[in-house]
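Fold and contact review
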Amino acid sequence: MRAVKERLVQSFEERFGKEARPRYFVGAPGRVNLLGEHTDYNDGFVLPMAIQQEVNIVAAPRDDGRVRIYSLNFEQDAELHIDRLSESTGPRWSEYLRGVLVVLQDAGFAPRGMDLVLYGDVPAGAGLSSSAALEIATLLASSAVSGFEVEPTLAARLAQKAENEVVGVNCGIMDQFASRLGRKDAALLLDCRSLDYELVPLKDPAVRIVIVNSNVRRGLVDSAYNERRRECEEGARLLGVPALRDVTSREFAQQRDRLPDNVRKRSQHVIEENERVLSAVEMLKKGDLVGFGEAMWASHASLRDLFEVSCPELDALVEIAREVDGVLGSRMTGAGFGGCTVSLVREEAIERLERAVRTEYPKRTGLEPDIWVLTPEDAGAFVEPLS
Ligand code: GLA
């Protein structure tokens, strides 16, 4: 973190001149979802966690409405203007920043001009919400330099709106909410209808969260995601409820035969996944990590067989994890069709899992995995004034 800050400050001075010192250092994390997949846009429950990978920005205000941005990842400049935010002329990555400024203005805030340098180490396209992290970091930078505050839940909603309406991706609320409100040593239980949330501690030193990137490029993801959303809406319509959140698995059992095949499978996943989240949270609170792990395996099977958003590589990673003694649970995480798995692993089994994944996964798929073990150090969104 310190190293990133120094790099950003140095690059800021190189870009914008020594007299223009950055005034704020902000960060917003990526997230890994422990349980509750494809439930957020069904008004359901999710259980993500902030990870230590994040997007960082150093920023200074300007009086002339210009927004000058330099991305260290892309080694590229972009420029926007506060009075002309409807113009989309910059590189694709700058659309996330433009989107956030647009929705802030629409919501009645007055974002000022600013100079920014940004850098993120959340891998893009891996299902760890690098875009949500960029949106939340932008929102925090803009509010800090402009002197207004955005209540955290509203910040998440505005960032989601930026992604939906300006970037053009039809995501739910989970990623932005987790980036704004998540903390790494706790799972964030979120009710995606009321936006009530609770941080459930997950800091038993005997277990760790391990993320494995399949490194499969997620090609199909946008069209399949929208198709799944439509199927879920159709399920709710045929079941006569506002959202699949409103159906219990008992009610579903009585009605399921009325639904077309795919709609039935998608609905069953969502309904059972919601129940899994709620019961797994109770287990977590009681310290029943074995039970929690069981819910993760079950979630993966359901995403593979009913929701049909897994892929052979993610299935291979979960199967490899299954064979390792001391892995309590493992599943695909995020939208699917590639990206990462998340596993709950006993401390003493971490090395065994890493070894198994590094030897078996390339053999089965021809791909090299990346492996991250979440450390107990703190994570979560922050704003730090610079002197
Ligand atoms: C993506 C979306 C989220 C959520 C997940 C699936 O990450 O951005 O809103 O729908 O997929 O659970």
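Residues numbered from 1 in each chain as written. Predicted model: local features only at pLDDT ≥ 70, side-chain atom pairs only at ≥ 80, totals over all residues. Heavy atoms only, no water.

The subject of this paragraph is the overall build of the chain. A count of helices and strands for the chain gives eleven helices and twelve strands. Against the globule reference of 21 Å for 387 residues, the chain gives a C-alpha radius of gyration of 21 Å, in line with a compact fold. Per-residue burial over the chain gives 60% buried out of 387 residues. Taking the contacts inside the chain whose residues are at least 6 apart along the sequence as the reference set, 72% of them involve residues at least 24 apart. For the chain, the exposed surface amounts to about 16000 Å²; the carbon and sulfur share of it is 46%. (Helix = DSSP H or I, 4+ residues; strand = E, 2+ residues; numbered from the N terminus. Rg over C-alpha atoms; globule rule 2.2 N^0.38 Å. Buried < 20%, exposed > 50% of the residue type's maximum accessible area, 1.4 Å probe, protein only. Contact = heavy atoms within 4.5 Å. Areas by Shrake-Rupley, 256 points an atom, 1.4 Å probe, with all protein chains shown as cover.)

Moving on: the packing of aromatic side chains. Scanning all chains against the criterion turns up six aromatic pairs. Plain terms: the ring middles of Phe 12 and Phe 16 are 4.9 Å apart, the flat faces sit at 65° to each other, and that makes the pair edge-to-face. One end of the pair, Phe 12, and the other, Phe 16, are both in helix 1 (residues 2-16), four residues apart, so they sit about a helical turn from each other. For Phe 12, a relative accessible area of 0% gives the class buried. Looking at Arg 7, its charged tip hangs above the ring of Tyr 119, at a distance of 4.8 Å from the centre. Across the ring face of Tyr 70, the terminal group of Arg 15 is positioned such that the distance to the ring centre comes to 4.0 Å. (Phe/Tyr/Trp six-rings, centres within 6.5 Å; stacked < 30°, edge-to-face > 60°. Lys NZ or Arg CZ within 6 Å of the ring centre and 35° of its normal.)

Our focus in this paragraph is the pairing of strand 1 (residues 24-35). Across the twelve residues of strand 1, twelve count as buried, placing the element largely inside the fold. Taken together, the ten bridges between strand 1 and strand 2 (residues 45-62) define a ladder with antiparallel strand orientation. Bridge assignment links Ala 28 to a residue of strand 2, and that residue is Val 55. Relative to strand 12 (residues 382-385), strand 1 runs antiparallel, the two being bridged by four bridges. (Pairing = 2+ DSSP bridges.)

In this section: the environment of Asp 77. Relative to the elements of secondary structure, Asp 77 occurs in strand 4 (residues 76-81). What makes Asp 77 partly exposed here is its relative accessible area of 42%. Sequence separation of Asp 77 and Val 117 is 40 residues, and the distance between their C-alpha atoms is 9.2 Å. The residues contacting Asp 77, other than those within four sequence positions of it, are Arg 15, Ile 69, Tyr 70, Pro 91 and Trp 93. Engagement of the side chain of Asp 77 in a polar contact is seen with the side chain of Arg 15, the distance being 2.7 Å. (Polar contact = N/O pair within 3.5 Å; in protein donor to acceptor, adjacent residues only side chain to side chain.)

Looking at the assigned domains, one finds that the chain contains domain 1 (2-201 + 377-385) and domain 2 (207-373). With centres defined by C-alpha atoms, the gap from domain 1 to domain 2 works out at 26 Å. Facing the 37 residues of domain 1 at the interface are 43 residues of domain 2. In this assembly, domain 1 packs against domain 2 so that about 3200 Å² is buried in total across both faces, 61% of it on carbon and sulfur atoms. Per-residue buried area on domain 1 facing domain 2 is highest for Leu 35, Glu 37 and His 38; these three make up 21% of the total on that side. The salt bridge involving Lys 285 is made with Glu 198; its shortest N-O contact spans 3.0 Å. Counting the contacts that link domain 1 with domain 2 gives 18 residue pairs in polar contact (both at pLDDT 80 or more). When residues of the side of domain 1 that touches domain 2 are traced back to their parent elements, those giving at least two are strand 1, strand 2, strand 6 (186-191) and strand 7 (197-201). (Domains from an automatic or database assignment. Buried area = accessible area lost by both parts, 1.4 Å probe. Salt bridge = Lys/Arg side-chain N within 4 Å of Asp/Glu carboxyl O.)

Right, let's get into the nonpolar core. One finds Leu 34, Leu 47, Ile 57, Ile 69 and Leu 104 to be the most contacted residues of the largest nonpolar core, which totals 97 residues. Two domains each donate at least three residues to this core, and these are domain 1 (2-201 + 377-385) and domain 2 (207-373). In contact with Leu 34, not counting residues within four places along its chain, are Leu 47, Pro 48, Met 49, Ala 187, Leu 202, Ile 209, Phe 292, Met 296, Arg 331 and Val 342. Among the nonpolar cores identified, the runner-up in size contains 19 residues, and Leu 317, Val 318, Val 327 and Ile 371 belong to it. (Core = buried A, V, L, I, M, F, W, Y, C linked by side-chain atoms within 4.5 Å.)

Taken together, the residues surrounding the ligand are Arg 31, Glu 37, His 38, Asp 40, Tyr 41, Cys 171, Gly 172, Met 174, Asp 175, Tyr 225 and Ala 335. The backbone of His 38 places a nitrogen or oxygen atom 2.7 Å from an oxygen atom of the ligand. A distance of 2.6 Å is found between an oxygen atom of the ligand and a side-chain nitrogen or oxygen belonging to Asp 175. Burial of the ligand by the protein chains amounts to 92% of its free accessible area of 310 Å². Residues belonging to the shell around the ligand are distributed by class as follows: five nonpolar, two polar and four charged. (Near = heavy atom within 4 Å. Nonpolar A, V, L, I, M, F, W, Y, C, P; charged D, E, K, R; others polar.)

On to the sheet that holds strand 11 (residues 370-373). Read from one edge of the open sheet, four strands run 9-10-8-11, paired in antiparallel fashion. Two strands lie at the open edges of the sheet, namely strand 9 (327-333) and strand 11, each paired on one side alone. Between one strand axis and the next, the sheet turns by 20° as a mean value, whatever way the strands run. In this structure, strand 8 (residues 207-213) lies alongside strand 10 (residues 340-346), joined through seven bridges in antiparallel fashion. By the bridge assignment for strand 10, Ile 211 is matched with Val 342. Relative to strand 9, helix 9 (residues 289-305) is tilted by about 35°, and along the sheet it contacts strand 8, strand 9 and strand 10. Helix-sheet contacts for helix 10 (residues 312-322) involve strand 8, strand 9 and strand 10, and the interaxial angle to strand 9 is about 175°. (Axes fitted to C-alpha atoms, helices over the stretch in contact; angles between N-to-C directions.)

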